Amino acid sequence: METDLVTAAVTRAEEASFAYSCDPGVGRLLAALAAAVPEGGRVLELGTGAGVGLAWLVSGLLPRTDVTVTSVERDPDRAALAARDGWPPFVDLRTGDALDLLDRLGAFDLIFADATGGKHVGLDRTIAALRPRGILLVDDLAPAPGWDDDLIRKQRAVRDALLAHERLVAVELDHASGLVLATAR
């Protein structure tokens, strides 16, 4: 189901030597989850990177235009990279720290938390931004070659917090880079 948007984003990432783009297995899941967002819904991505995950989200929504997708990237150069090619008008690209913006962005039906802000730091604020029955997807939870002990510890803490959170019904998925998929009560 890779679309022109995904292909363009992958090309941007490769040209910029950006190595942390959304895994295709995670991307396909993002597209499927985005397709289920209710009419007039809202989607949030924390960590735009080169825009690969965003492209998967938008691909799952098109041809719909009734959903707002907000994507936040802290690094101005990466934000400019992601914004290089055109996005549909319902996509709102923001540059800034997710934690500085999160409380002002409102509530969401689907959140993809793929940045330090809102994942390793401020996870509780990300969960609070979910609407009832909202979906949260967090990836990169399976240790990968080259991870230091600190990153492994941080990722395990995120995993454990999601699986034990009283507001969430969550499941760990042994898929792609290791995922937790959660629904807000």
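The shown structure was predicted, so the numbers you read here are calculated from the model rather than taken from an experiment. (Residues numbered from 1 in each chain as written. Predicted model: local features only at pLDDT ≥ 70, side-chain atom pairs only at ≥ 80, totals over all residues. Heavy atoms only, no water.)

### Some remarks on the layout of surface pockets
Right, on to step 1. When its volume is computed, the largest pocket comes out at roughly 940 Å³.
Right, on to step 2. Residue lining of the largest pocket: 39 residues in total, with Tyr 20, Asp 114, Ala 115, Thr 116 and Asp 140 positioned closest to the centre.
Right, on to step 3. Contributions of two or more residues to the lining of the largest pocket are made by β1 (42-46), α3 (52-61), β2 (68-73), α5 (98-105) and α7 (149-164).
Right, on to step 4. Split by residue class, the lining of the largest pocket holds 17 nonpolar, 12 polar and 10 charged. (1 Å grid on protein atoms, 1.4 Å probe; cavity = no way out; pocket = protein on both sides within 12 Å on 5 of 7 lines; lining within 4 Å. Points joined across faces, edges and corners; volume = space filled by probe spheres on them. Helix = DSSP H or I, 4+ residues; strand = E, 2+ residues; numbered from the N terminus. Nonpolar A, V, L, I, M, F, W, Y, C, P; charged D, E, K, R; others polar.)

### Observations regarding the nonpolar core
Right, on to step 1. Judged by nonpolar contacts, the single largest core of 34 residues is most densely connected at Leu 30, Val 69, Leu 110 and Leu 137.
Right, on to step 2. Mapped by element, the contributors of at least two residues to this core are α1 (4-15), α2 (24-35), α3, β4 (108-113), β5 (130-138) and β7 (179-184).
Right, on to step 3. Top contributing element to this core by residue count: α3, with 7 residues.
Right, on to step 4. Leu 44, Ala 98, Leu 123 and Ala 182 belong to the second-largest nonpolar core, a separate cluster that totals 23 residues. (Core = buried A, V, L, I, M, F, W, Y, C linked by side-chain atoms within 4.5 Å. Buried < 20%, exposed > 50% of the residue type's maximum accessible area, 1.4 Å probe, protein only.)

### Some details on the pattern of salt bridges
Side chains bearing opposite charge may pair, as long as their charged atoms lie close to each other.
Right, on to step 1. Tallied over the entire structure, the rule returns 13 salt bridges.
Right, on to step 2. Of the charged contacts in the structure, one is a salt bridge between Asp 150 and Arg 153, with a shortest N-O distance of 2.5 Å. Taken together, the positions of Asp 150 and Arg 153, both in helix α7 and 3 residues apart, correspond to about one turn of that helix.
Right, on to step 3. Take Asp 150: its relative accessible area is 34%, and that puts it in the partly exposed class.
Right, on to step 4. In this structure, the salt-bridge partner of Arg 159 is Asp 160, at a minimum N-O distance of 2.4 Å.
Right, on to step 5. Via salt bridges that share partners, Asp 114, Lys 119 and Asp 139 belong to a single interconnected network. (Salt bridge = Lys/Arg side-chain N within 4 Å of Asp/Glu carboxyl O.)

### Some remarks on unusual backbone geometry
Right, on to step 1. Residue Leu 62 is joined to Pro 63 through a cis peptide bond whose omega torsion reads 15°.
Right, on to step 2. Note that Pro 63 resides in the loop between α3 and β2.
Right, on to step 3. Phi is positive for Asp 140, which is not a glycine, with a value near 60°.
Right, on to step 4. Relative to the helices and strands, Asp 140 is located in the loop between β5 and α7.

### Overview of the environment of Asp 148
Right, on to step 1. By secondary structure assignment, the location of Asp 148 is in the loop between β5 and α7.
Right, on to step 2. With 83 residues separating them in the primary sequence, Asp 148 and Thr 65 have C-alpha atoms 42 Å apart.
Right, on to step 3. In this structure the side chain of Asp 148 is engaged in a polar contact, spanning 3.2 Å, whose partner is the backbone nitrogen of Asp 150. (Polar contact = N/O pair within 3.5 Å; in protein donor to acceptor, adjacent residues only side chain to side chain.)

### Brief notes about the packing of aromatic side chains
Right, on to step 1. Under the defined criterion, the tally for this structure stands at 1 aromatic pair.
Right, on to step 2. Their ring planes at 75° and their centres at 6.0 Å tell us that Phe 18 and Tyr 20 sit as a pair that is edge-to-face.
Right, on to step 3. Judged by its relative accessible area of 18%, Phe 18 falls in the buried class.
Right, on to step 4. Residue Tyr 20 is classed as exposed on the basis of its relative accessible area, which comes to 67%. (Phe/Tyr/Trp six-rings, centres within 6.5 Å; stacked < 30°, edge-to-face > 60°.)

### Digging into the side chain of Thr 70
Right, on to step 1. Here Thr 70 shows up in strand β2.
Right, on to step 2. The buried category is assigned to Thr 70, whose relative accessible area is 1%.
Right, on to step 3. If near-sequence neighbours (up to four positions away) are discounted, Thr 70 is found in contact with Arg 42, Val 43, Leu 44, Glu 45, Asp 92, Arg 94, Leu 105 and Phe 108. (Contact = heavy atoms within 4.5 Å.)

Purely spatial values, then, with no claim about function.
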